[in-house]
Amino acid sequence: MAESKPVESWLTDMDGVLVHEGTIIPGADEFINRLRESGKPFLVLTNNSIYTPRDLHARLAGMGLDVPEEAIWTSALATAKFLDGQRPGGTAYVIGEAGLTTALHQIGYVLTDSNPDYVVLGETRTYSFEALTKAIRLISAGARFICTNPDETGPSPEGVLPATGSVAALITKATGVDPYFVGKPNPLMMREALNALNAHSESTVMIGDRMDTDIKSGMEAGLRTVLVLSGLTQQSEVERYPYRPSRVVKSVAELIDEI
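Residues numbered from 1 in each chain as written. Predicted model: local features only at pLDDT ≥ 70, side-chain atom pairs only at ≥ 80, totals over all residues. Heavy atoms only, no water.

Observations regarding the side chain of D151
No. 1: Looking at the element boundaries, D151 is found in the loop between β9 (144–147) and β10 (153–154).
No. 2: Classification of D151 by relative accessible area gives buried; the value is 16%.
No. 3: Beyond its immediate sequence surroundings of up to four residues, D151 is in contact with N47, A163, T164, G165, S166, K184 and R210. (Helix = DSSP H or I, 4+ residues; strand = E, 2+ residues; numbered from the N terminus. Buried < 20%, exposed > 50% of the residue type's maximum accessible area, 1.4 Å probe, protein only. Contact = heavy atoms within 4.5 Å.)

Written out as structure tokens, the structure reads:
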């Protein structure tokens, strides 16, 4: 890194940086091992709200990547932290999986469909028409609309899947109410991660594979950013954006010796 302040902590996206469709990206295991050996604080960030950190730890371990449970920060955890700060002990109607419901239970939220403070939309592989109808009616009746992340599509072995952002657009169309998105590219997720590490933006690096989420949120939070070309954004697309990463590398393998 050419910047004057040494790098003291690291944030990295997961999909496209460390893993891709169930396999480790070459060099990712050595990168994580070097981080752990260095003692420098780090967090693996993901906009996916389906899984708990324990689930993700187990899934990554099954691929051969040893990421401690406490080093995983999801959009579900960020959403729960946000709601705990806004309205402690509140109530929510939730569309999502265990990662989101567990995070909300942990902050003492009551999950209910009876006059909730919030409708919270997260990722799930089984969006039901009944649940979406309930969400639309609750928001129309005055519930505040929160969404874990704005991703419009997600990957699968068969191709892209509609994701949280697309479903949020459906609800907005029906209610006229826009959600507040907590996950990337909202820099709030970066700042919460920095607070969790007790880290400073000037000495922290954010690594990501997407210009529109990882790099944008890192830049807006005042971090140095590294775009890896092992995921979604390709080299030819970088110049199309009005902002730039601090660096572009092929993969995290190129960063191992800088830890």
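Description of the packing of helix α5 (residues 129–140) against helix α6 (residues 164–175)
No. 1: Their axes nearest at 10 Å, the elements α5 and α6 cross at an angle of 45 degrees. Classified by the angle their axes make, α5 and α6 are oblique. Our pair here, α5 against α6, has a crossing hand that is right-handed. Contacts from L132, A135, I136, I139 and S140 of α5 reach α6 at V167, L170, I171, A174 and T175.
No. 2: The residue makeup of the contact of α5 with α6, split by class, is eight nonpolar, two polar and no charged. (Axes fitted to C-alpha atoms, helices over the stretch in contact; angles between N-to-C directions. Parallel < 35°, antiparallel > 145°, perpendicular 65-115°, else oblique. Left-handed = near helix turned anticlockwise from the far one by under 90°. Nonpolar A, V, L, I, M, F, W, Y, C, P; charged D, E, K, R; others polar.)

With respect to helix α8 (residues 211–220)
Owing to its 3.6 residues per turn, the α-helix brings residues three or four apart onto one side.
No. 1: Looking only at α8, the buried set comprises M211, T213, D214, I215, S217 and G218.
No. 2: Phi for G222, located one or two positions after α8, is positive at around 85 degrees.

Points about the pattern of salt bridges
No. 1: Per the counting criterion, the structure on display carries 13 salt bridges.
No. 2: When the shortest N-O distance is used, the salt bridge between R36 and D66 registers 2.7 Å. Taken together, the positions of R36 in helix α1 (residues 28–38) and D66 in the loop between α2 (53–63) and β5 (72–74) put the pair 30 residues apart, joining distant regions of the chain.
No. 3: The exposure class of D66 is partly exposed, given its relative accessible area of 39%.
No. 4: Ionic pairing is found between D151 and R210, a salt bridge with its closest N-O pair at 3.8 Å. Taken as a pair, D151 in the loop between β9 and β10 and R210 in the loop between β13 (204–208) and α8 lie far apart in primary sequence, 59 residues in all.
No. 5: One continuous salt-bridge network, built from bridges that share partners, spans D13, K184 and D214. (Salt bridge = Lys/Arg side-chain N within 4 Å of Asp/Glu carboxyl O.)

Here's the deal with the packing of aromatic side chains
No. 1: As enumerated under the stated definition, the model contains four aromatic pairs in all.
No. 2: Aromatic side chains W10 and F31 sit 6.0 Å apart centroid to centroid with 85 degrees between the ring planes, which places their arrangement in the edge-to-face category. One end of the pair, W10, is in strand β1 (residues 9–13); the other, F31, is in helix α1, and 21 residues separate them in sequence.
No. 3: The interplanar angle of 25 degrees and the centroid separation of 5.0 Å between the aromatic rings of F82 and Y180 together place this pair among those described as stacked. One end of the pair, F82, is in helix α3 (residues 75–86); the other, Y180, is in strand β12 (residues 180–181), and 98 residues separate them in sequence.
No. 4: Assessed through its relative accessible area of 14%, F82 is described here as buried.
No. 5: Taking the relative accessible area as the measure of exposure, Y180 reaches 36% and is therefore partly exposed. (Phe/Tyr/Trp six-rings, centres within 6.5 Å; stacked < 30°, edge-to-face > 60°.)

Observations regarding the sheet that holds strand β6 (residues 91–95)
No. 1: With parallel pairing, the five strands of this open sheet are ordered in space as β7-β6-β8-β9-β12. Two strands lie at the open edges of the sheet, namely β7 (110–111) and β12, each paired on one side alone.
No. 2: Bridge analysis of β6 against β7 gives two bridges, and the strand direction is parallel. Across the sheet, the residue bridging to T91 is V110, located in β7.
No. 3: Strand contacts of α5: β6, β8 (118–121) and β9, with the helix running at about 145 degrees to β6, the strand carrying the most contacts. (Pairing = 2+ DSSP bridges.)

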